[in-house]
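# A structural walkthrough
Each chain is listed here by its residues.
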Amino acid sequence: MTVKFVLLLVLGICAGGLIITLLILNLLRHRGGDNAGKSIGIAKLNGNRTLRWGAFLLQSYRSGMKVPLLSSYILQVQKRISFRHVGDEPSLRRMTMSVVLMILGGYGSISVILFLMQPGIAFVILSVLCAVVLNSLVLDMCLNRMEKRLLVQMLDLFADVRHRYHQHGMVEEALYEAAEAGKGEAAEQVLLIYEALTSPDPNEALERYYEIAPNRFLKGFAGISYMVMEFGDKDRAQGSIYLKGLGNLTQEIHLEILRRDKLDYLLKGLNFIALAPVLFTAPIERWARGSFPTMDEFYRSKIGFVTKISIYVIIILAYLLLQRLQQYDETRYRTGRKHSRLDQFLYKQTFIRKVAMLFAAKPGSTNYSQTVRLMRESSSELKYEWLAIRRLMLFASCFVLTIGCVLLLHQVERNHILYDPVRDDRMFGAMGEAELKQATEKTSLDQAVLERIEMKRGATFDEISNALQSVNPVPLDHDAQTETIARILQKLEGYNKQYLHWWELIIAMMIGIAGYHMPIWLMMFQRKMRSMDMRHEIYQFQTVISILREMDRMSVEEILEWLNRFAVIFKRPLQKCLLHFEHGPEHALEQLKEEAGLPEFQRLVDKLQLALGKISIREAFDDLDSMMAFYFEQRKQEYTKMIDVKASWGRMIGFTPMYALIFLYLVIPLVGMSFLQMNMYYEQIQKL
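Throughout, a residue's number is its position along its own chain's written sequence, starting from 1. Only residues with pLDDT of at least 70 are given local features in this predicted model, and only at 80 or more are side-chain atom pairs given and counted; all residues enter the totals for whole chains, interfaces and linings. With hydrogens and water excluded, all non-hydrogen atoms of the structure serve as input to the side-chain values.

## Here's the deal with the overall build of the chain
- Going along the chain from the N terminus, every DSSP run of H or I of four or more residues is numbered as a helix, and every run of E of two or more is numbered as a strand. Scanning the chain from terminus to terminus reveals 28 helices and 2 strands.
- For the chain, the proportion of its 688 residues judged to be buried stands at 44%.
- Looking at the chain as shown, the accessible area adds up to about 37300 Å², and 62% of this sits on carbon and sulfur atoms. Exposure is judged per residue with a 1.4 Å probe applied to protein chains only, and the accessible area is read against the type maximum: over 50% gives exposed, under 20% gives buried, and values in between give partly exposed. Methods summary: accessible areas were calculated by the Shrake-Rupley approach with a probe of 1.4 Å, and residue burial reflects only the protein chains presented.

Now the structure itself:
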């Protein structure tokens, strides 16, 4: 039984498992209630199938948790799903195992195809690539569907809450009846909000709910409901404050759903277009070698190997950029520090910590202040020492990996020199069997001579001639011997040049330096991408203030406390402002403006400064409704421009791997090899 047969057997079992899983999921998706004419027996049968499938998923979960590596992966998937799943623990485990089985089955079936198309080292590289891509693709697809389904359900539920609030005039009654009458995840979320609002300590219960809320709309809904329950509702000229807040949230949800639908439509299928070249590298290579024999020289060379690796890198980068473009910039930051075991372990190593801090900016310097400010503005949860250690590790990893790739390329070139059949420059087209046999014999003869002289650098013509006479029992004529010795000298020179050059060390050093600065660049990119999230939070602050300004005996400090409850991005500046508020409100608000840095938030703080004693809070925010309407229209235009930009970038990035495959791996090498062949033809014609 060969290794290839065992691999095919394992991959076939995985593919069969995927097919069975998809069939069962398809049956479960269409079970019950879709056809009014179904009999009771069929309904019971579907129920039994559902129970058996659920029991199978739970048993698979328990079995998978006993496998070391698989258990870590299951927990990772469960953690990502848990933020958007409200059901009980068994339901969460069943959903987790459904996703895990789908990913594993899909990976198995794709691996079978890849193994049949590209066996060898290419299969290993492509398998790792497919594992990463498939995991990210399936998880993002499932999570995006859950988020969109929750948004659609929230629209119906908010309408029901509005209707029942008109009936009873009580927030808790409206929430309870709407949650009981509703279905799906949105109803479960509203039930959680109701339990938090009616608990003995609503403040603490709401803080716990804010940590697990799937989106900012539910956080805003919970906060508005609690404020109206605590302070009471007041009818303004435009109507109820509570209903006005619900209307603002509904408007936001409509805008979010339309944005997601349009972005999904414009970027649909680009992921598969970007990943398709993975399956076509081997067929294109086989076709080019069969149709154009000179291309075989390119694909076997170091340049061909670098080109293939470059195409894989382009595919990975294109996929990662498309994933980033398809994200909806939803605020996903969570309070609390994210501790990494690796960071903690490296920090405990005294030598590594001292070396990292030796290259890091010293406290008190300008670079140190800029780095700390960047960490704060990008909401990084790393310590400064951890960031320094991470940068040092990235430098070392990139440097070592680059050196390893360079040494691998030199080894590929050595194998190309030693083992590839010797092709006659006067030969046109593909080699026949007799010519291939003759070329192989020449290669064996050259290899034997090189081994005889032990790859000696600077070997002379006479030394190679003596080694050739001792190795080859059949004496060659003068021309053939001279040609063979010249060929061996050329191979020896090329073989001895395959060492680490100084410019390759410089390239490795530059790549290492790029890796060293990568965390800083990522934080800069994250800070830029957070601008939209900041505007989301500012709009939420305005909604909260529009309710609080109508309440009697409301102070600036109480408004800051309420904003701190809803804050995610601005939470730290607000907490610092509240700590210093008693020692001087003006100074605390000035520090808040300096740390925030966003003009919209600074204008909001300016109004709070006016409300410290000069005018009332209601007068300070008398233009809030018009500001909210302006910001809403402004964000609609920004969304439209952002979607158009993302669509154009997405199309360009999505088709880049296909263009790279066609031009870098086929057209340009073919043109280059054709020019080389034409030069050889021209030289041979001149010799006639």
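## Examining a nonpolar patch on the surface
- Grouping into patches uses exposed residues only, defined as over 30% relative accessible area, and leaves out salt-bridged ones; the cut-off is 9 Å for like charges and 5 Å for nonpolar side chains (Val, Leu, Ile, Met, Phe, Trp, Tyr). In the sections that follow, a salt bridge refers to a side-chain nitrogen of Lys or Arg positioned within 4 Å of a carboxyl oxygen of Asp or Glu. Nonpolar side chains collect at one region of the surface, where Phe655, Tyr659, Ile662, Phe663, Leu664, Val667, Ile668, Val671, Phe675 and Met678 lie side by side and expose about 900 Å² of accessible area between them.
- Inspection of the secondary structure assignment puts Phe663 in helix α28 (residues 624-687).

## Brief notes about empty space enclosed by the protein
- Cavity: a set of points on a 1 Å grid over the protein atoms alone where a 1.4 Å probe fits but cannot get out. Pocket: an open set with protein on both sides within 12 Å along at least five of seven lines, its lining residues, like those of a cavity, having an atom within 4 Å of a point. Grid points are joined across faces, edges and corners, and a volume is the space filled by probe spheres set on the points. Following the criterion strictly, the structure yields 7 cavities of 30 Å³ or more and no others.
- Roughly 100 Å³ of internal volume is contained in the largest cavity.
- Lining the largest cavity are Arg216, Phe217, Gly220, Ile224, Leu249, Glu252, His536, Tyr539, Gln540, Thr543, Val544 and Phe566.
- Looking at the lining of the largest cavity element by element, the count peaks at 5 residues for helix α22 (residues 502-548).
- Across the lining of the largest cavity, the residue classes break down as 6 nonpolar, 4 polar and 2 charged. Each residue gets one of three labels, nonpolar for Ala, Val, Leu, Ile, Met, Phe, Trp, Tyr, Cys and Pro, charged for Asp, Glu, Lys and Arg, and polar for the others, Gly among them.

## Things to note about the nonpolar core
- Buried residues of nine kinds, namely Ala, Val, Leu, Ile, Met, Phe, Trp, Tyr and Cys, make up a nonpolar core once their side-chain atoms join them within 4.5 Å. Phe221, Tyr242, Phe541, Phe570 and Phe601 are the most contacted members of the largest nonpolar core, which totals 81 residues.
- Any pair of residues with heavy atoms lying within 4.5 Å of one another is described as a contacting pair. Setting aside residues up to four positions removed in sequence, Phe570 forms contacts with Met534, Glu537, Ile538, Phe541, Ala596, Leu598 and Phe601.
- Leu57, Val99, Val100 and Leu101 belong to the second-largest nonpolar core, a separate cluster that totals 19 residues.

## So, the packing of helix α19 (residues 433-452) against helix α20 (residues 461-471)
- Here an angle of 0 to 180 degrees is reported between the N-to-C directions of two axes, which are lines fitted to C-alpha atoms, with helices fitted over the stretch in contact. Remark: α19 packs on α20, axes separated minimally by 9 Å, with the N-to-C direction vectors making an angle of 120°. Between α19 and α20, the angle is such that the two are oblique. Note on packing geometry: the crossing formed by α19 with α20 is right-handed. Side by side, α19 and α20 meet where Leu445, Ala448, Val449 and Arg452 of the first sit next to Ile464, Ala467, Leu468, Ser470 and Val471 of the second.
- A breakdown of the residues in the contact of α19 with α20 according to their chemical character gives 7 nonpolar, 1 polar and 1 charged. For classification purposes, an angle smaller than 35 degrees is called roughly parallel, one larger than 145 roughly antiparallel, one from 65 to 115 roughly perpendicular, and anything else oblique. Should the near helix be turned anticlockwise from the far one by less than a right angle, the crossing is left-handed, and should it be turned clockwise, the crossing is right-handed.

## Considering helix α8 (residues 202-212)
- Residues of α8 that are buried include every one of Pro202, Ala205, Leu206, Tyr209 and Tyr210, and no others. The buried residues of α8 occupy an angular sector of 145° when projected down its axis, which confines them to one face.
- Residues of α8 that are buried make contact with α7 (185-197), α9 (216-231) and α23 (556-566). Arc, as used here, means the arc of the directions from the helix axis to the C-beta atoms.

## Some words on the packing of aromatic side chains
- Classification of ring pairs rests on two measures: the distance between centres of Phe, Tyr or Trp rings, Trp counted by its six-membered ring, which must be within 6.5 Å, and the angle between planes, read as stacked under 30 degrees, edge-to-face over 60 and tilted in between. Taken as a whole and judged by the stated rule, the model has 12 aromatic pairs.
- Relative to Tyr242, the ring of Tyr165 has its centre 4.9 Å away and its plane inclined at 55°; by these criteria the two rings are tilted. You can see Tyr165 sitting in helix α5 (residues 121-168) and its partner Tyr242 sitting in helix α10 (residues 241-266), a full 77 residues away along the chain.
- Note on Tyr165: relative accessible area 9%, which makes it buried.
- With a centroid separation of 6.2 Å and 55° between ring planes, the pair formed by Phe541 and Phe570 is classed as tilted. Pair noted here: Phe541 is in helix α22 and Phe570 is in the loop between α23 and α24 (571-580), with a separation of 29 residues, a long-range link.

## Observations regarding the pattern of salt bridges
- Under the criterion given, the structure shown has 17 salt bridges.
- Put simply, Lys636 and Glu633 hold a salt bridge, and the shortest N to O gap is 4.0 Å. Separated by 3 residues within a single helix, Lys636 and Glu633 lie in helix α28, roughly one turn from each other.
- On the basis of relative accessible area, Lys636 is assigned to the partly exposed category, the value being 34%.

## What to know about α10
- Over its 26 residues, α10 runs 38 Å from end to end, which matches the ideal 38 Å to within 8%, given 1.5 Å per residue.
- Two or three places before Tyr242, at the opening of α10, Ser240 has a side-chain oxygen 3.2 Å from that residue's backbone nitrogen. In this analysis, the expected span of each helix is defined as 1.5 Å times one less than the number of residues it contains. For the purposes of these results, a polar contact is taken to be a pair of N or O atoms within 3.5 Å, where, inside protein, one atom must be able to donate a hydrogen and its partner to accept one; residues adjacent in sequence count only when each atom of the pair is a side-chain atom.

## Here we look at the side chain of Ser225
- Within the secondary structure, Ser225 is located in helix α9.
- Using a relative accessible area of 0% as the deciding quantity, one classes Ser225 as buried.
- Among all residues touching Ser225, those that are not within four sequence positions of it are Val171, Leu175, Leu197 and Tyr242.

## Some remarks on the environment of Ala213
- Relative to the helices and strands, Ala213 resides in the loop between α8 and α9.
- By relative accessible area, Ala213 is classed as buried at 3%.
- C-alpha separation for the pair Ala213 and Ile193, spaced 20 residues apart in sequence, amounts to 9.7 Å.

## Looking at the environment of Ile617
- Locating Ile617 in the fold gives a position in helix α27 (residues 617-620).
- Along the chain, Ile617 and Ser555 lie 62 residues apart, while their C-alpha atoms are 7.6 Å from each other.
- Residues in contact with Ile617, not counting those within four places in the same chain, are Arg549, Met554, Ser555, Val556, Ile559 and Ala611.

## Remarks on the environment of Phe525
- Its place among the elements puts Phe525 in helix α22.
- Residue class for Phe525 comes out partly exposed when judged on its relative accessible area of 38%.
- In this structure, the C-alpha to C-alpha distance between Phe525 and Ser378, residues 147 residues apart in sequence, is 8.5 Å.

## Digging into the packing of α7 against α8
- Two numbers describe how α7 lies on α8: the axes approach to 8 Å, and their chain directions differ by 150°. As far as their axial angle goes, α8 and α7 are roughly antiparallel. Only Pro202, Ala205, Leu206 and Tyr209 of α8 make contact with α7, whose side of the interface consists of Gln189, Leu192, Ile193, Ala196 and Leu197.
- For the contact of α7 with α8, the per-class residue count stands at 8 nonpolar, 1 polar and no charged.

## Brief notes about the confidence of the model for the chain
- As a per-residue quantity, pLDDT reports the predictor's confidence and falls between 0 and 100. Scored by pLDDT, the chain comes out at a mean of 78, with 84% of its residues at no less than 70.
- Mean pLDDT values for the elements of the chain range from 48 in helix α1 (residues 3-29) up to 90 in helix α6 (residues 171-181).
- Predicted confidence for residues 21-45 stays below pLDDT 50, and this span has 16 contacts to residues more than four positions away or in other chains.

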